[in-house]
Structures are given as C-alpha cells and as structure tokens.
Amino acid sequence: MVRSVAIIWFCLTATGCAALAKKPPTPAAEISPRESTSVIAPPGERYYILIFGSQSTPKQARFTHTWASMVRVAGSTSPGEQIIDEKTISWMPASLKIRSLSRHPEKGVNLGLQFTIDEMLRNDERISVWGPYEVSAGFHRRFLIQKQFMESGQIGYQCIDTWGEAARHGSGCDCIHAITDMDPQFSRSRYPLAYFGEAASKNIVRQLHERPIIIGPKNDHSWLFQPLGLTCHPLIQRKYCGTYIENTPENVENYLSKHDS
C-alpha cells in the first residue's frame with residue numbers, strides 16, 4: 001500500500017499536478033501578510049502554536065496524521081491563574097478510516113486535541129510535538145478563520161488532494177493542507193514526496209521559522225503542556241534546529257516588502 005501511494009505521489013509531483021491542483025477557497029488565505037500584521041492583541045493576551053505529527057512503525061500512509069493546536073493565554077501573569085483557550089485543526093475523514101488511494105472527497109471532521117491524541121494512540125502511532133511557539137495576534141486570527149472554514153461543511157477529506165476530484169474542484173483536502181492552505185505563501189508545488197506523517201509536521205515547523213511569525217524562537221513555553229493535559233501522554237518533544245527569522249518589526253517589514261501585494 002505504501003509503495004502504491006508513493007508511486008502515485010511521485011508521478012503527480014513529477015507531472016506538476018501538485019502545482020496545478022485547485023486549493024479550497026479558504027478566506028484565511030485571502031488575508032494579506034500586511035493585513036495580518038495589523039491585528040493587535042488585547043491587553044494581557046498571548047498566543048502559542050503546537051505542531052503535532054504521528055505515524056506507525058513501519059510508516060504507512062493510512063496510519064499517519066498531522067495536526068496543530070493554537071492556544072490563547074489571557075489574564076494573570078501567574079500560570080495557575082491564567083485563562084487558557086485551545087483550538088485545534090485536526091482534519092480527518094468522518095469515518096476515521098483513511099482511504100489512501102481515493103480519488104474523491106468524503107465527509108470530513110475536525111477533531112479536538114485530546115480525541116486526536118487518543119485516536120492516534122489507538123492506532124499504535126507514535127506522536128511527536130514541536131513547540132509551543134509564541135506567535136502574533138494576526139497569525140492567531142488566521143488560524144481561527146481556517147478552523148471555522150474547515151468546520152463549515154464546504155470542504156471534504158481526500159488523502160491525496162493533488163489528484164482526482166479534489167484537485168479539479170478544490171472540494172477536498174488532506175490533514176496537512178488543512179493547516180498550510182491558510183498561508184498564501186505556502187506553495188504545494190515544492191512539497192516533497194516524503195512529506196507525510198512526522199516529516200510533514202516538521203516541514204510546517206520549518207516554514208514557520210523561515211517567516212517572521214514566531215516571537216522568541218528559542219524561548220521555552222513547555223509550561224503549557226500541563227494545563228493542556230499533554231503531560232499524561234507519551235509524546236516525543238521535538239526541537240527545531242534550523243535557521244529562523246524572528247518576529248521583530250524590522251524582519252516583518254522586510255518580509256512584507258517582498259511578499260505583500
């Protein structure tokens with residue numbers, strides 16, 4: 001099965017189908033980078049993102065998943081007194097059974113963080129997590145708009161969304177693009193064959209670090225694991241070791257001058 005999926009994916013990438021596939025019409029991608037940077041956080045609010053990836057051993061496409069959680073922290077500076085609100089984009093088929101070679105979208109469902117972890121563990125998948133990383137209010141807003149779109153009923157699930165009906169009509173997407181499609185700068189045309197499961201999640205983390213999105217990339221925010229209920233799960237905490245661009249006014253303006261239309 002894995003070999004069949006790999007062959008199909010290679011053929012699609014080689015013929016440029018990934019670049020030509022129609023993306024779902026998410027309003028999150030319509031927000032320009034400059035508009036995104038204009039969002040101001042209410043006093044006392046901060047935002048953090050965690051990227052998750054899971055896969056079986058050996059790795060099988062139907063037992064892999066990528067998802068992300070956005071956390072809003074508000075109120076007191078004391079961790080025990082803060083208001084913590086978590087939202088997750090975890091896009092799966094409603095049946096929870098991934099059909100790797102399907103050419104047609106099926107009904108999708110956006111799962112919660114704890115349910116997703118429990119489901120992946122039931123499938124005997126190991127789970128890795130990157131972050132939490134602090135992000136801007138504008139990125140938080142983009143994430144929430146994407147989550148709302150995924151839950152609107154306008155889009156279905158298709159494991160390989162760069163071929164078949166999803167590619168022609170933009171009517172379905174996979175778990176990875178459910179996250180990345182909200183970023184207009186994230187191109188599907190340069191998406192390598194091996195990027196599914198943990199590799200896909202790691203690639204998203206790299207993309208976040210290569211834009212001025214993360215505030216204080218080296219800061220440790222692992223204190224969030226306990227209030228999010230993550231300390232009771234066998235998660236592998238991964239570290240990003242590549243280059244990064246920090247979210248500073250100068251870096252943001254340089255980025256906008258190159259990418260904002």
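Residues numbered from 1 in each chain as written. Predicted model: local features only at pLDDT ≥ 70, side-chain atom pairs only at ≥ 80, totals over all residues. Heavy atoms only, no water.

1. Observations regarding the overall build of the protein
Okay, so step 1: In terms of regular secondary structure, the protein is built from nine helices and 10 strands.
Okay, so step 2: The buried share of the protein, taken over its 261 residues, is 49%.
Okay, so step 3: Contacts in the protein between residues at least 24 apart in sequence constitute 75% of all its contacts with a sequence separation of at least 6.
Okay, so step 4: For the protein, the exposed surface amounts to about 12300 Å²; the carbon and sulfur share of it is 53%. (Helix = DSSP H or I, 4+ residues; strand = E, 2+ residues; numbered from the N terminus. Buried < 20%, exposed > 50% of the residue type's maximum accessible area, 1.4 Å probe, protein only. Contact = heavy atoms within 4.5 Å. Areas by Shrake-Rupley, 256 points an atom, 1.4 Å probe, with all protein chains shown as cover.)

2. Things to note about the side chain of glutamine 146
Okay, so step 1: Position of glutamine 146 among the secondary structure elements: in helix H5 (residues 137-150).
Okay, so step 2: Within the local environment of glutamine 146, its side chain forms a polar contact with the backbone oxygen of alanine 178, the two atoms lying 2.8 Å apart. (Polar contact = N/O pair within 3.5 Å; in protein donor to acceptor, adjacent residues only side chain to side chain.)

3. Quick look at the nonpolar core
Okay, so step 1: Core analysis: the largest hydrophobic core is formed by 56 residues, its most contacted members being Ile49, Leu50, Ile51, Phe52, Phe139 and Leu230.
Okay, so step 2: Listed by contribution, the elements that provide at least two residues to this core are strand E1 (46-55), strand E2 (64-75), strand E4 (91-93), helix H4 (113-122), strand E6 (126-135), H5, helix H7 (177-180) and helix H8 (198-209).
Okay, so step 3: Excluding residues within four positions of it along the chain, phenylalanine 139 makes contact with Ser36, Ile49, Met70, Met182, Leu208 and Ile213. (Core = buried A, V, L, I, M, F, W, Y, C linked by side-chain atoms within 4.5 Å.)

4. Things to note about the pattern of salt bridges
Okay, so step 1: If you walk through the whole model with that rule in mind, you get 12 salt bridges.
Okay, so step 2: A salt bridge links glutamate 134 to arginine 46, with the nearest nitrogen and oxygen atoms 2.8 Å apart. Pair noted here: glutamate 134 is in strand E6 and arginine 46 is in strand E1, with a separation of 88 residues, a long-range link.
Okay, so step 3: Residue class for arginine 46 comes out partly exposed when judged on its relative accessible area of 43%.
Okay, so step 4: The residue lysine 147 makes a salt bridge to glutamate 151 at a minimum N-O spacing of 2.9 Å.
Okay, so step 5: Given a relative accessible area of 43%, glutamate 151 falls into the partly exposed group. (Salt bridge = Lys/Arg side-chain N within 4 Å of Asp/Glu carboxyl O.)

5. What about helix H9 (residues 249-259)?
Okay, so step 1: Three or more residues of H9 are buried, namely Val252, Tyr255 and Leu256. Here the buried residues of H9 occupy an arc of 100° about the axis, which is enough to place them on one side. When the buried face of H9 is taken as reference, the exposed residues oriented beyond 90 degrees from it are Glu250, Ser257 and Lys258. (Arc of directions from axis to C-beta.)

6. A closer look at the confidence of the model for the protein
Okay, so step 1: Mean pLDDT over the protein works out to 87, with 87% of the residues at or above the 70 mark.
Okay, so step 2: In the predicted structure, residues 1-5 sits below a pLDDT of 50 and forms 10 contacts with residues beyond four places in sequence or in another chain.
Okay, so step 3: Predicted confidence is poor over residues 7-16, with pLDDT under 50, and the contacts of this stretch with residues over four places away or in other chains come to 13 contacts. (pLDDT = per-residue confidence, 0-100.)

7. Focus: the packing of aromatic side chains
Okay, so step 1: One pass over the full model with this rule turns up two aromatic pairs.
Okay, so step 2: A centroid spacing of 6.3 Å and a plane angle of 85° characterise the contact between tyrosine 48 and tryptophan 223, whose relative ring orientation is edge-to-face. With a gap of 175 residues between them, tyrosine 48 in strand E1 and tryptophan 223 in the loop between strand E9 (214-215) and strand E10 (235-238) connect regions that are remote in the sequence.
Okay, so step 3: Assessed through its relative accessible area of 3%, tyrosine 48 is described here as buried.
Okay, so step 4: Look at phenylalanine 52 and tryptophan 67: their rings are 5.1 Å apart centre to centre, the planes differ by 0°, and that puts the pair in the stacked class. Here tryptophan 67 lies in strand E2 and phenylalanine 52 lies in strand E1, a separation of 15 residues in the sequence. Of the two residues, phenylalanine 52 and tryptophan 67, both sit in the buried class.
Okay, so step 5: Its guanidinium or amino end placed over the ring of tryptophan 163, arginine 103 lies 4.8 Å from that ring's centre, counting from NZ or CZ.
Okay, so step 6: The ring of phenylalanine 115 is capped by arginine 122, whose NZ or CZ atom sits 5.7 Å from the centre of that ring. (Phe/Tyr/Trp six-rings, centres within 6.5 Å; stacked < 30°, edge-to-face > 60°. Lys NZ or Arg CZ within 6 Å of the ring centre and 35° of its normal.)

8. Some words on the environment of leucine 235
Okay, so step 1: Examined against the element boundaries, leucine 235 turns out to sit in strand E10.
Okay, so step 2: Residue leucine 235 is classed as buried on the basis of its relative accessible area, which comes to 16%.

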